[in-house]
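Reading the structure
If you want the building blocks of each chain, they are given just below.
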Amino acid sequence: MVPLARKTLIYEWRRFLPSALAVAFSGLLLMVQAALVFGIFNTAAINITTSNGDLWVGYPGTQSMELGRPLAADTELQLLMDPGVARVEPLAWLDGDWRGPAGRGGVTVFMSGIDTRPNAMMFADAITPALRAKLDEPGSVIVDRSDLNKLGVNVGDTASLNGQRVHVVAAMNGLRALGGVNVLISLANARQLDEASRADRFDYFLIKLRDQDMADVVKARLNSSASATRFAVWTRDEFARKAVYYWMFETGAGLGVVFLALVVFLVGAIITSQTLMGAVAGSMREYATLHALGVGMRELRGVVVRQAGWVGLFGLAIGGIGTLLVLALAATQDVPAQLDPLTALACAALVMGIALVSGLLAVRVLRRADPVQLLR
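So, here is what we can say about the structure in this document. Everything numeric in this text was worked out from a predicted model, so none of it was measured.

This part is about the environment of arginine 165. Positionally, arginine 165 belongs in strand E6 (residues 164-172). On a C-alpha basis, the gap between arginine 165 and serine 140 in space is 9.2 Å, while along the polypeptide they are 25 residues apart. Contacts of arginine 165, omitting those with residues within four sequence positions, involve Gly139, Thr158 and Ala159. Side-chain polar atoms of arginine 165 contact the side chain of threonine 158, separated by 3.3 Å.

Within the largest apolar cluster, 37 residues are counted, with the highest numbers of intra-cluster contacts made by Trp98, Val109, Leu161, Val183 and Ile207. The element contributing the most residues to this core is strand E2 (residues 85-99), with 5 residues. One finds Trp93, Leu131, Ala170 and Ala243 within the second-largest nonpolar core, a separate group that totals 33 residues.

Here we take up the pairing of strand E4 (residues 140-144). The element E4 is extensively covered by neighbouring structure, given that 5 of its 5 residues are classed as buried. Judged from the 5 bridges that link them, E4 and E6 form a sheet pairing that is parallel. Its bridge partner being in E6, valine 143 is matched across the sheet by alanine 171.

Turning our eyes to something else, we now look at the pairing of E2. Relative to strand E8 (residues 204-209), E2 runs antiparallel, the two sharing 6 bridges. Counted as the bridge partner of arginine 87 is lysine 208 from E8. As judged from the 7 bridges shared by E2 and strand E3 (residues 107-114), these two strands associate in the antiparallel manner. Bridged to glycine 96 within E3 is valine 109. Alignment of E2 against strand E5 (residues 158-161), held across 2 bridges, turns out to be antiparallel. Bridging from a neighbouring strand, arginine 99 pairs with serine 160 of E5.

Criteria and cut-off values
- Residues numbered from 1 in each chain as written.
- Predicted model: local features only at pLDDT ≥ 70, side-chain atom pairs only at ≥ 80, totals over all residues.
- Heavy atoms only, no water.
- Helix = DSSP H or I, 4+ residues; strand = E, 2+ residues; numbered from the N terminus.
- Contact = heavy atoms within 4.5 Å.
- Polar contact = N/O pair within 3.5 Å; in protein donor to acceptor, adjacent residues only side chain to side chain.
- Core = buried A, V, L, I, M, F, W, Y, C linked by side-chain atoms within 4.5 Å.
- Buried < 20%, exposed > 50% of the residue type's maximum accessible area, 1.4 Å probe, protein only.
- Pairing = 2+ DSSP bridges.

The following block contains the structure:
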């Protein structure tokens, strides 16, 4: 029955093409949706994932970067006392009110006051030492290239930030944030732009360890110390997951995504099953002939299910190519989209599930494959 299913598809490809296209469209929707979801929500952790610190230190219970609170002034000294810590780097996280050209409304921005030394850990994977050095200029800021229009400026222009004059010295890719605009400034400029930071009370500290393999040990030791009630320590990956999960689930956005995926699955299954049922109904005389020749109904059902499987594979291939094209287009427009192999595999499994469920629904049409049909 396997060769029969395959040969029928080849011979009657026009009849099964709508089913394959329905599966391909469902797969395209699922994969692009997953890529956009992970791409958009992963920007919530862009400050963490583009930095090379081994451990992050913040206020206890912090779920995401923008929810941090100032730490005690002696936190850095306490961290340096641990024998496993090689270097500690502060990060000032500030809210800012950006005012661009006259007649344009204000924009709420997130200011990251970072160390400007060439070997600094914050944004080490995103900013070159040459760009970082530009932040030493008084009033200098760096923004993401895709946010220039939102801020109403170009590189070299000036604006007002928290009532003080600043100028954009550079624009780059990879700083786009979820729910706001990332603006990079130096620690020295942060003290000028925010009163609270003048007392050297920072929101986060990055730790570089003497031995990266000891990250869990040092984290546990710092968290269990007497000062653990004043700060909390996470690994970089752990803190990044906390930020992404907070935006996906705590804000309610993740539930909407799951609901949308369920809708795509159901709509894809219904459309594909209808097209498959039409294809099977169109071959009803052939199935009735096979039944008259002694082929059991169980074997005929197997043919339909196998046909659905082949349709699913073909549709998955088309949908995969379409997804690659859409993601390539998204990259040219600075749209955050990420599709890792595990997510792609999960989407492929859902697509095949759509095809197989559609095949099982189309099996009902075989009840009309009665040899009596041949006498009409």
